Amino acid sequence: SQTIHQWPATLVQPVGSPLSLECTVEGTSNPNLYWYRQAAGRGLQLLFYSVGIGQISSEVPQNLSASRPQDRQFILSSKKLLLSDSGFYLCAFPGTGGREAFFGQGTRLTVV
Amino acid sequence: GENVEQHPSTLSVQEGDSAVIKCTYSDSASNYFPWYKQELGKGPQLIIDIRSNVGEKKDQRIAVTLNKTAKHFSLHITETQPEDSAVYFCAASIAEKLVFGKGTKLTVNP
């Protein structure tokens, strides 16, 4: 079965510190992978998506970057966090229908 | 690009009543419309979806309707239960990307 793992579940980081969030999927090969951010009281905003190893598309200009070093691994990074980077970060990939998104459990990031 | 509007932002109903959440989209090329339920502290989970060649789809107490001409789609929950309380998101798919509405916080009062 297809599963998606995201960690850590919660993270508190000081302003200016680096960030690395990891997402891995199992039970599928060469999936499209997505990073979303959900700010408090807001919808889900697509940050990055990847159609393959080393292929990253950015949806919005921001302080974050993404990388896909392996087929089933997607990493969200920042060199220096800003207060505005706080939010709930979700990794996702398409289900068997190829259109719906299956989400990880998310990482709650608080930048202090 | 695609824009999805969702209403209402909050909805409170009595247990047993029906709840309706509505969404509109802007890009007529969108052809897939999923609905997600998000419980506190968790990632969203797909509850029902509809494709543009279908006008209505039902799964037990949940149904979704789509009006392509008007570019709007709705989620209907009948006989609501307290465990239906959550945030619900609609989305529209164009190409490989989903564009989400801002969510509706549904509260079902016992």
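This structure is a prediction, so every number in the text was calculated from the model and none was measured.

Next up on the list: unusual backbone geometry. In this structure, the amide linkage connecting Trp-7 of chain A to the following residue, Pro-8 of chain A, adopts the cis form with an omega of 0°. With respect to the element layout, Pro-8 of chain A can be found in the loop between β1 (3-7) and β2 (10-13). With an omega dihedral of -5°, the bond running from His-7 of chain B to Pro-8 of chain B counts as a cis peptide bond. Relative to the helices and strands, Pro-8 of chain B resides in the loop between β1 (4-7) and β2 (10-14). Not every positive phi belongs to a glycine, and Lys-71 of chain B is a case in point at roughly 55°.

Moving on: the pattern of salt bridges. Pairing is possible between side chains of opposite charge, provided their charged atoms come close. Residue and element names in this part refer to chain B. Within the structure shown, the criterion is met by six salt bridges over all chains. A salt bridge links Arg-61 to Asp-84; the nearest nitrogen and oxygen atoms lie 2.9 Å apart. Note that Arg-61 is positioned in the loop between β6 (56-59) and β7 (62-67) and Asp-84 in the loop between β8 (72-77) and β9 (86-94), a separation of 23 residues in sequence. Arg-61 gets classed as partly exposed once you look at its relative accessible area, which sits at 23%. In this structure, a network of salt bridges that share partners links the residues Lys-37, Glu-39 and Lys-42.

Strand pairing in a sheet takes place through backbone hydrogen bonds and is either antiparallel or parallel in direction. All names here are of chain B. In spatial order, the strands read β1-β3-β8-β7-β6; together these five strands make up an open sheet with antiparallel pairing. In this open sheet, the two edge strands, each paired with only one partner strand, are β1 and β6. The sheet shows a mean angle of 15° between the axes of neighbouring strands, direction not considered. Bridge count for β6 against β7 is four bridges, and the pairing is antiparallel. Each residue of the ladder has a partner; that of Lys-57, found in β7, is Val-64.

This part takes up the confidence of the model for chain B. Confidence in the prediction for chain B averages 93 pLDDT; 100% of positions are at 70 or higher. Across chain B, the element-wise mean pLDDT spans from 85 in strand β10 (residues 97-100) of chain B up to 98 in β2 of chain B.

In the structure shown here, the tally under the stated rule is two disulfides over all chains. At a sulfur-sulfur separation of 2.0 Å, the disulfide partner of Cys-23 of chain A is Cys-91 of chain A. Its S-S torsion of approximately -75° makes the covalent link between Cys-23 of chain A and Cys-91 of chain A left-handed. With Cys-23 of chain A in strand β3 (residues 19-26) and Cys-91 of chain A in strand β9 (residues 87-94), this residue pair connects regions lying 68 residues apart in the sequence. Here Cys-23 of chain B is linked by a disulfide to Cys-90 of chain B, with a sulfur-sulfur distance of 1.9 Å. Across the S-S bond linking Cys-23 of chain B and Cys-90 of chain B, the dihedral sits near -100°, which makes this disulfide left-handed. In this pair, Cys-23 of chain B sits in strand β3 (residues 19-25) while Cys-90 of chain B sits in strand β9, placing the two residues 67 residues apart along the sequence. Take Cys-23 of chain B: its relative accessible area is 1%, and that puts it in the buried class.

On to the sheet that holds strand β7 (residues 65-70) of chain A, then. Residue and element names in this part refer to chain A. In space, the four strands of this open sheet follow the order β1-β3-β8-β7, with antiparallel pairing throughout. Unpaired on one side and paired on the other, β1 and β7 mark the two borders of the sheet. The average angle at which neighbouring strand axes cross in this sheet is 20°, direction not considered. When β3 meets strand β8 (residues 73-78), the two strands line up antiparallel, connected through six bridges. Pairing of Thr-24 across the sheet is with Gln-73, part of β8.

Parameters at a glance
Each chain carries its own residue numbering, running from 1 in the direction its sequence is written. Think of it this way: whatever chain is written first is A, whatever ligand is written first is 1, and the rest follow in order. The model is predicted, so local features are restricted to residues of pLDDT at least 70 and side-chain atom pairs to those at 80 or more, both for listing and for counting; the totals for chains, interfaces and linings are taken over all residues. The basis for every side-chain value is the complete set of non-hydrogen atoms in the structure, without hydrogens or water. A helix here means a DSSP run of H or I that spans at least four residues, while a strand means a run of E at least two residues long, and both kinds are numbered starting from the N terminus. Salt bridge, as used here, is a side-chain nitrogen of Lys or Arg placed within 4 Å of a carboxyl oxygen of Asp or Glu. Partly exposed describes any residue whose relative accessible area lies between the buried limit of under 20% and the exposed limit of over 50%, with all areas from a 1.4 Å probe on protein chains only and scaled to the type maximum. Only strands joined by at least two bridges in the DSSP assignment are considered to pair. All axes here are fitted lines through C-alpha atoms, helices being fitted over the stretch that makes contact, and every angle between N-to-C directions spans 0 to 180 degrees. As a per-residue quantity, pLDDT reports the predictor's confidence and falls between 0 and 100. Sulfur atoms of two cysteines make up a disulfide when they are within 2.5 Å.

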